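Structural characterization, general
As a plain string of letters, each chain reads:
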Amino acid sequence: MDFSNEYNANSIHAQGDSYFIERVRELTDGSVNITLHTGGALGFNSGDHFYAVADGAVEIADTLSGTMSGIDPIFLLSSLPFIVDGVDDARRLYEIAKPHYEAVFEDNDQILLYASPWPASGVWSKTAINSQADLRNLRIRTFDRNGTETFRNVGAAPVSLSWGDVVPQLATGGITAVLTSAEAGANGSFWEHQDHFAAIQYAIPLNMVHMNKRAFDRLDAAQQSAVLEAARLTDLHNWKAVETRTEENYQTLNQHNVTINDPVSSELFDALSQAASSVVENWLNSTGDRGQAIFAEFRGE
């Protein structure tokens with residue numbers, strides 16, 4: 001089976017996917033063979049994955065959740081700005097919402113295998129971002145509708161781009177800043193174009209790893225059990241790995257003379273939080289009772 005991932009082989013997601021493949025190999029004594037294709041090598045990016053897996057063009061994919069918002073707005077949950085306070089919060093939110101994610105995949109002939117969390121999103125830029133004034137008219141790449149709305153509300157000029165288009169746009173000056181993690185910037189060698197990283201703690205977005213249901217059903221019962229057990233182990237592995245990833249990324253950034261602004265000023269954080277309030281409200285309206293139920297449980301109401 002083929003497994004598509006648009007990020008490079010050194011990314012936290014590709015490493016998690018390799019861990020999954022190895023667990024499947026061990027648990028099935030090599031009878032299930034999965035090949036991971038990183039860097040979008042199969043010609044698919046995250047925005048293509050949902051239907052590619054549903055149609056069987058690829059059996060498994062690792063997909064940035066927010067790119068599936070056109071399928072269902074539930075997929076924007078993990079990238080809602082300033083909702084979670086750290087990895088533990090993000091994991092708890094995922095566990096609460098997981099049945100809703102699984103239902104959408106099931107309705108589209110797919111299985112949700114596991115989540116792959118990113119380290120917290122920040123802003124990479126050519127010049128320092130210290131205040132709201134520094135965001136005005138900033139041509140910043142965002143990765144989904146939540147980010148686009150938030151940064152437009154704060155006065156920036158956001159551009160939504162898939163990962164494969166980011167570095168070319170940085171190189172040509174099409175964008176001058178990027179909303180993403182220290183992790184993604186390190187993988188993309190952003191220091192060739194950007195000198196600053198502002199750790200705004202925007203969100204801990206998820207990638208979702210999902211599998212074509214027909215491909216799963218072709219496996220025998222023992223193989224199916226092995227795949228699901230490998231997915232469970234990988235889920236545990238990924239949430240553990242993300243806990244220390246930012247510290248590791250910061251060491252890499254320091255080696256390349258990137259200025260790290262962590263924590264950011266209260267002025268900048270407050271401006272972004274205020275800009276995000278309508279984004280959260282819009283998401284709650286779009287998801288109706290599901291969103292309200294998820295938030296009520298998450299907040300202990």
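Everything that follows concerns the structure shown earlier in this document.
My aim in this report is to walk through the structure given alongside it, one point at a time. All of these numbers come straight from a predicted model, not from anything done at the bench.

Description of the side chain of histidine 49
Structurally, the position occupied by histidine 49 is in helix H2 (residues 46-55). Discounting residues that sit within four places of it in the chain, histidine 49 has contacts with Ser4, Asn5, Glu6, Phe44, Ala61, Asp62, Thr63 and His210.

Things to note about the layout of surface pockets
It is a probe the size of a water molecule, rolled over the atoms, that shows where empty space is left. By volume, the largest pocket amounts to about 320 Å³. Together, 22 residues line the largest pocket, and Gly86, Val87, Ala120, Gln201 and Ile204 are the ones closest to its centre. A total of four residues in the lining of the largest pocket trace back to one element, the largest contributor, which is helix H8 (residues 221-255). In this structure, the second largest pocket occupies an estimated 250 Å³ of space. Lining the second largest pocket are 14 residues, and of these Glu102, Ile111, Leu112, Leu113 and Leu228 lie nearest its centre. For the lining of the second largest pocket, the elements supplying multiple residues, two or more each, are helix H3 (87-107), strand E4 (110-117) and H8. Tallying contributions element by element places H8 first for the lining of the second largest pocket, with five residues. Of the residues belonging to the lining of the second largest pocket, the class tally is six nonpolar, one polar and seven charged.

Some thoughts on helix H10 (residues 289-298)
Residue pairs spaced three or four apart in an α-helix point in one direction, given the helix's 3.6 residues per turn. Listing the buried residues of H10 in full gives Gly291, Ile294, Phe295 and Phe298. Buried residues in H10, looked at end-on, bunch into an arc of 95°, giving them a common side. Relative to its buried face, H10 has exposed residues pointing more than 90 degrees away, namely Asp289 and Glu297. Buried residues along H10 sit against H3 and helix H9 (266-287). Glycine 300 occupies a position one or two residues after H10 and carries a positive phi of about 70°.

Conventions and cut-offs
- Residues numbered from 1 in each chain as written.
- Predicted model: local features only at pLDDT ≥ 70, side-chain atom pairs only at ≥ 80, totals over all residues.
- Heavy atoms only, no water.
- Helix = DSSP H or I, 4+ residues; strand = E, 2+ residues; numbered from the N terminus.
- Contact = heavy atoms within 4.5 Å.
- 1 Å grid on protein atoms, 1.4 Å probe; cavity = no way out; pocket = protein on both sides within 12 Å on 5 of 7 lines; lining within 4 Å.
- Points joined across faces, edges and corners; volume = space filled by probe spheres on them.
- Nonpolar A, V, L, I, M, F, W, Y, C, P; charged D, E, K, R; others polar.
- Buried < 20%, exposed > 50% of the residue type's maximum accessible area, 1.4 Å probe, protein only.
- Arc of directions from axis to C-beta.

Scope: geometric values only; no functional claims are made or implied.
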